[in-house]
Amino acid sequence: MAYSIDLSGRVAFVTGASSGLGAQFARTLARAGAAVVLASRRVDRLKDLRAEIEGEGGDAHVIELDVTDHDSIKSAVAHAETEVGSIDILVNNAGVGTTQRLQDVAPDDFDYMFNTNVKGAFFVAQEVGKRMLARARGAAPGTYTGGRIINVSSLLGLRALPKVGVYAMSKAAVVQMTKAMALEWGRFDINVNAICPGYIDTEINHHQWKTEQGQKLVQELPRKRVGKPQDLDSLIVMLCANESHFINGAVISADDGFGV
Ligand code: NAD
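Read on for an overview of the structure. On a predicted model such as this, the values are computed, not experimentally measured, just so you know.

Take helix H7 (residues 233–240) next. Buried within H7 are the following residues: Leu235, Ile236, Val237, Leu239 and Cys240. Buried residues along H7 sit against helix H1 (20–31), strand E4 (89–92), strand E5 (147–152), strand E6 (190–197) and strand E7 (251–254).

Laid out in structure tokens, this is it:
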């Protein structure tokens with residue numbers, strides 16, 4: 001007999017689903033049976049992904065979202081719940097990165113990073129979390145099936161490397177945000193965990209791997225390899241499963257051992 005995780009009947013809201021990890025999280029959760037809401041700014045790409053997921057027999061919906069715009073967050077979450085159903089799973093994935101020496105960071109560069117990676121992630125989780133809390137409080141004892149929030153931090157939320165200092169600071173805030181939410185919301189059966197991926201080849205860093213500096217970085221990685229978005233499939237499904245109700249406030253590295 002094989003072990004399997006079934007997310008049928010669950011609604012998963014994935015931010016930054018138009019590319020990279022977010023797109024792959026959405027594919028994977030749909031394959032596990034969840035109805036997925038693809039939320040991001042690039043709606044054309046989301047529509048292509050929806051067609052791909054539907055082509056595999058999955059259930060996907062497209063909603064425009066800019067996590068730096070509070071009205072956009074509120075309306076995207078409301079729209080998702082009206083169109084698809086109560087959000088059971090949030091994959092709080094949208095993020096941006098830049099490479100800069102600390103002495104070159106201008107206030108606008110700082111705001112760009114923190115407005116998306118910290119403020120955006122916080123208010124998306126807050127908007128979804130408020131609705132999960134209301135459902136948990138309104139449910140008859142023992143009947144709320146539980147919420148799952150997965151915040152996408154980074155290996156760089158746990159360790160610093162040159163030229164990514166402000167990004168690392170923003171991702172460290174996501175780690176602490178995760179613990180604070182897990183602490184306050186855990187007793188309402190809302191589990192909040194963070195994942196800290198190592199280097200994975202996506203749009204955020206693709207340009208880097210062809211450069212001399214990028215190649216040098218690969219040589220410093222434990223197994224001299226950059227990951228693929230699919231390398232996080234099992235982790236995301238595991239954290240979203242009802243069976244993971246005992247995992248709360250965890251900060252899980254998936255970095256091929258680079259953070260050790
Ligand atoms: P990516 O650039 O392919 O994806 C980022 C996604 O976020 C894109 O879909 C983008 O459109 C979306 N986004 C950015 N700003 C947004 C906004 N204001 N509103 C809505 N959506 C917005 O890169 P990725 O690697 O897939 O990144 C996904 C997450 O994983 C990010 O939070 C990133 O920091 C994190 N991460 C990536 C790596 C890696 O090596 N690729 C490692 C650790 C953490």
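In this section: the sheet that holds strand E1 (residues 11–15). The parallel open sheet is built from 7 strands, whose spatial order is E3-E2-E1-E4-E5-E6-E7. The open sheet is flanked by strand E3 (59–64) and E7, the only strands paired with a single partner. Going across the sheet, the axis of each strand differs from the next one's by a mean of 20°, ignoring polarity. Lying over the sheet, helix H2 (residues 43–55) contacts strand E2 (35–40) and E3, oriented at roughly 175° with respect to E3. Most of the contacts of helix H4 (residues 107–138) go to E4, to which it runs at about 175°, and overall it touches E1, E4, E5 and E6.

Here we take up the site of the ligand. Near the ligand lie 30 residues; those nearest to it are Ser18, Ser19, Leu21, Tyr167 and Thr202. In the environment of the ligand, an oxygen atom lies 2.7 Å from a nitrogen or oxygen atom belonging to the backbone of Leu21. Side-chain polar atom of Arg42 to an oxygen atom of the ligand: 3.3 Å apart, as the coordinates give it. Going through the elements one at a time, H1 and helix H5 (165–185) are the ones with two or more residues in the shell around the ligand. Here the shell around the ligand is composed, by residue class, of 11 nonpolar, 14 polar and 5 charged.

Another point: the pairing of E2. The element E2 is largely enclosed, with a buried count of 6 among its 6 residues. Direction of pairing for E1 relative to E2: parallel, over a ladder of 5 bridges. Bridging across to E2, Val11 finds its partner in Ala35. With respect to chirality, the unit in which E1 leads through H1 into the neighbouring parallel E2 is right-handed. The handedness of the E2 to E3 crossover, carried by H2, is right-handed.

The rules behind each value
- Counting restarts for each chain, with residues numbered from 1 along the sequence as it is written.
- For this predicted model, a pLDDT threshold of at least 70 governs which residues receive local features, and a threshold of 80 or more governs which side-chain atom pairs are given and counted, while totals over whole chains, interfaces and linings are taken from all residues.
- Side-chain descriptors were evaluated using all non-hydrogen atoms of the structure, hydrogens and water having been removed beforehand.
- Working definition: with a 1.4 Å probe on protein chains only, accessible area under 20% of the residue-type maximum means buried, over 50% means exposed, and in between means partly exposed.
- Only runs of H or I of at least four residues qualify as helices and only runs of E of at least two qualify as strands under DSSP, and these elements are numbered from the N terminus.
- Whether two residues are in contact is decided by their heavy atoms: any pair within 4.5 Å suffices.
- The pairing criterion is simple: DSSP has to find at least two bridges between the two strands.
- Geometry is summarised by axes, namely lines fitted to C-alpha atoms with helices restricted to the contacting stretch, and by angles between N-to-C directions that run from 0 to 180 degrees.
- Residues are counted as near a molecule or strand when any one of their heavy atoms sits within 4 Å of it.
- Identification of polar contacts relies on pairs of N or O atoms within 3.5 Å, with a donor-acceptor requirement for protein atoms, meaning one able to donate a hydrogen and the other able to accept it, and with residues adjacent in sequence counted only if both atoms are side-chain atoms.
- Ten residue types, Ala, Val, Leu, Ile, Met, Phe, Trp, Tyr, Cys and Pro, are classed as nonpolar, four, Asp, Glu, Lys and Arg, as charged, and the remainder, Gly among them, as polar.
- Seen with its strands pointing away from the viewer, a crossover is right-handed if its path from the first strand over the helix to the second goes clockwise.

Functional significance is not addressed by these values, which are geometric in nature.
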